[in-house]
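So the chains spell out like this:
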Amino acid sequence: MGIRGELFTTQVVLDNRTYFFNVKENRTGDVFLQVVESKSKNGEDFDRHAIVIFAEDMQKFFKGMDESLTFIEKDRKERKKKQLEKKEAAAKAGFGEKKRVYRSKKGADEESAPEPKRSSNNVKRTGRVHVISKRKDAE
């Protein structure tokens with residue numbers, strides 16, 4: 001038996017938190033699981049929280065945890081499905097329309113190309129990619 005009755009310990013390190021799963025035995029011989037969350041406060045101190053689940057309560061605890069995980073997974077799938085349906089509906093309605101890109105064929109000699117033409121709405125045509133803005137210029 002290890003220090004403070006530890007039989008087994010493992011940790012899960014995340015971005016700013018670390019979780020410790022400690023299986024311990026107390027003085028009377030009861031085995032329990034201790035889950036500790038350690039979170040860095042300001043780079044120096046740590047905020048620690050622990051819960052203890054005794055062996056006789058583990059089945060009920062893990063059943064509740066399993067039900068919660070099942071709900072989370074089901075909810076995630078439903079949200080993803082709704083998001084996909086929303087995108088498809090927007091695409092059918094014409095929202096999210098792509099910008100028009102105009103290209104011209106390159107001539108044999110680009111250096112001797114004539115001065116770029118300007119259309120009636122004062123858009124400069126250079127033969128390169130143009131993105132037309134629907135914004136009206138203030139005159």
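Just so it is clear, the structure is predicted and the values come from calculations on it, not from any experiment.

(A) Seen up close, the pairing of strand β2 (residues 17-25). Pairing analysis gives 7 bridges linking strand β1 (residues 6-13) to β2, with the strands arranged antiparallel. Along β2, the bridge assignment pairs Thr 9 with Asn 22. Counting the residues that bridge the hairpin from β1 to β2 gives 3 residues. Sheet analysis places β2 next to strand β3 (residues 31-40), joined by 9 bridges and oriented antiparallel. Residue Phe 21 lies in a different strand from β3, and its bridge partner there is Val 35. In textbook terms, the turn of a hairpin is the stretch between consecutive antiparallel strands, and for β2 and β3 this stretch comprises 5 residues, one of which, Gly 29, has a positive phi near 95°.

(B) Highlighting the pattern of salt bridges. Using the criterion set out here, one finds 3 salt bridges in the structure. Residue Glu 73 pairs with Arg 76 through a salt bridge whose shortest N-O separation is 2.6 Å. Of this pair, Glu 73 and Arg 76 are both found in helix α1 (residues 58-93), 3 residues apart, which corresponds to roughly one turn of the helix. Note that Asp 75 is salt-bridged to Arg 79, the shortest N-O span being 2.8 Å. Of this pair, Asp 75 and Arg 79 are both found in helix α1, 4 residues apart, which corresponds to roughly one turn of the helix. Note on Asp 75: relative accessible area 22%, which makes it partly exposed.

Calculation criteria
- Residues numbered from 1 in each chain as written.
- Predicted model: local features only at pLDDT ≥ 70, side-chain atom pairs only at ≥ 80, totals over all residues.
- Heavy atoms only, no water.
- Pairing = 2+ DSSP bridges.
- Helix = DSSP H or I, 4+ residues; strand = E, 2+ residues; numbered from the N terminus.
- Salt bridge = Lys/Arg side-chain N within 4 Å of Asp/Glu carboxyl O.
- Buried < 20%, exposed > 50% of the residue type's maximum accessible area, 1.4 Å probe, protein only.

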